[in-house]
Amino acid sequence: MSIRLSTNIAALGVNRSLGENQQGRVRVLEKLASGDRIVRAADDAAGLSISERLKAKVRSFQMATRNSVDGISLLQTAEGGTQEVQNVLVRLRELSVQAASDTIGEAERQYTNLEFQNLKGEIDRIAQTTSYNGTNLLNGLGKSLEFQVGIDAHRIHDRVAFSTSDANVTPSALGIGSLHLANKKSAQENLGMLDSAMEKVNLQRAFLGSVQAALSSNASNMGNHRINSAAANSRLRDADVAEYSAQEVKLEIIANSATAMQSQANNLPAQALKLLEIS
């Protein structure tokens, strides 16, 4: 091997290797510090693109789940109102049965009718005041609602529709607006009409329950999709700490060795000087 003074080839080679090693350590430390395998697009351009799409889906699945849960809250508010209306209708029928008998006098029947009318007013109050976020739910005056329960724009597959007009429990809508207990005959005739009203409320409660069940199932499904997408994104983007820790130790050892070799390479020109001294 020739010995030169002007150019230390060995030192240049060791310095290049040391620089590459340092760059490798920086990249490994970035991954360990961030927890990401893909810190920049240069690490894995295709993987970064896929990961970003998966990340957007994970966030969208999370919001779709929240929309489903909020929709359930809205429907539970409506169902709570219909349940109380149902309780009032049961009491109205009870009063009608009582007033339909000659075991009470006209005075008592009038007292019963007073309670009857007040309870009808309570049904109307419930229908007019039951609302969610400013939207009337039980008086038939609300708007048609859509719950975005999917992550795409498909109207059928990604949205659940609910029309508040289908949940109208005002006395007039139930057909009991004109009922009274002023006399025995009216009380007797009330029974069939109250049965019909209770059937309407039952139907509305069943409808509310069916939509709640659908939203609950969707929330569970969106949760599963979110977990699976997050897991896929993790496998693609997250750093394997054990692997990169091992790489960092390896690069550190190589860096220490390269530093020692750099010192040795820097001493090569001195050997040439010794040759000159001898001559």
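Notes on the structure follow. (Residues numbered from 1 in each chain as written. Predicted model: local features only at pLDDT ≥ 70, side-chain atom pairs only at ≥ 80, totals over all residues. Heavy atoms only, no water.)

### Looking at the layout of surface pockets
- The calculated volume of the largest pocket comes to roughly 220 Å³.
- Every element with two or more residues in the lining of the largest pocket is listed here: α2 (45–99) and β3 (144–148).
- Here the residues of the lining of the largest pocket sort into four nonpolar, five polar and three charged. (1 Å grid on protein atoms, 1.4 Å probe; cavity = no way out; pocket = protein on both sides within 12 Å on 5 of 7 lines; lining within 4 Å. Points joined across faces, edges and corners; volume = space filled by probe spheres on them. Helix = DSSP H or I, 4+ residues; strand = E, 2+ residues; numbered from the N terminus. Nonpolar A, V, L, I, M, F, W, Y, C, P; charged D, E, K, R; others polar.)

### Brief notes about the pattern of salt bridges
- The full count for this structure, using the stated rule, is twelve salt bridges.
- Residues E79 and R205 are paired through a salt bridge, measuring 3.8 Å at the closest nitrogen-oxygen approach. Separated by 126 residues along the polypeptide, E79 in helix α2 and R205 in helix α5 (residues 184–237) bring together distant segments of the chain.
- Of the charged contacts, one joins R125 and E122 as a salt bridge, the two residues approaching to 2.7 Å between their closest N and O atoms. Of this pair, R125 and E122 both sit in helix α3 (residues 106–129), three residues apart, which is roughly one turn of that helix.
- Residue class for R125 comes out partly exposed when judged on its relative accessible area of 44%. (Salt bridge = Lys/Arg side-chain N within 4 Å of Asp/Glu carboxyl O. Buried < 20%, exposed > 50% of the residue type's maximum accessible area, 1.4 Å probe, protein only.)

### Quick look at the nonpolar core
- Counting residues in each nonpolar core, the largest one holds 37 residues, and the members touching the most others are L89, L92, L174 and I176.
- Mapped onto this core, the elements with two or more residues apiece are α2, α3, β3 and α5.
- At ten residues, the largest contribution of residues to this core is made by α2. (Core = buried A, V, L, I, M, F, W, Y, C linked by side-chain atoms within 4.5 Å.)

### Some thoughts on the packing of α2 against α3
- Two numbers describe how α2 lies on α3: the axes approach to 10 Å, and their chain directions differ by 165°. Here α3 runs roughly antiparallel to α2, going by the angle between their axes. Crossing handedness for the pair α2 and α3: left-handed. Residues G81, E84, V85, V88, L89, R91, L92, L95, S96, Q98 and A99 of α2 pack against R109, T112, E115, F116, L119, K120, I123 and I126 of α3. (Axes fitted to C-alpha atoms, helices over the stretch in contact; angles between N-to-C directions. Parallel < 35°, antiparallel > 145°, perpendicular 65-115°, else oblique. Left-handed = near helix turned anticlockwise from the far one by under 90°. Contact = heavy atoms within 4.5 Å.)

### Digging into α3
- Under the 1.5 Å per step criterion, the end-to-end length of α3 is 35 Å for 24 residues, consistent within 8% with the ideal 34 Å.
- Listed in full, the buried residues belonging to α3 are R109, T112, N113, F116, L119, K120, I123, I126 and A127.
- For α3, the secondary structure elements touched by its buried residues are α2, α4 (171–174) and α5. (Expected span 1.5 Å × (residues − 1).)

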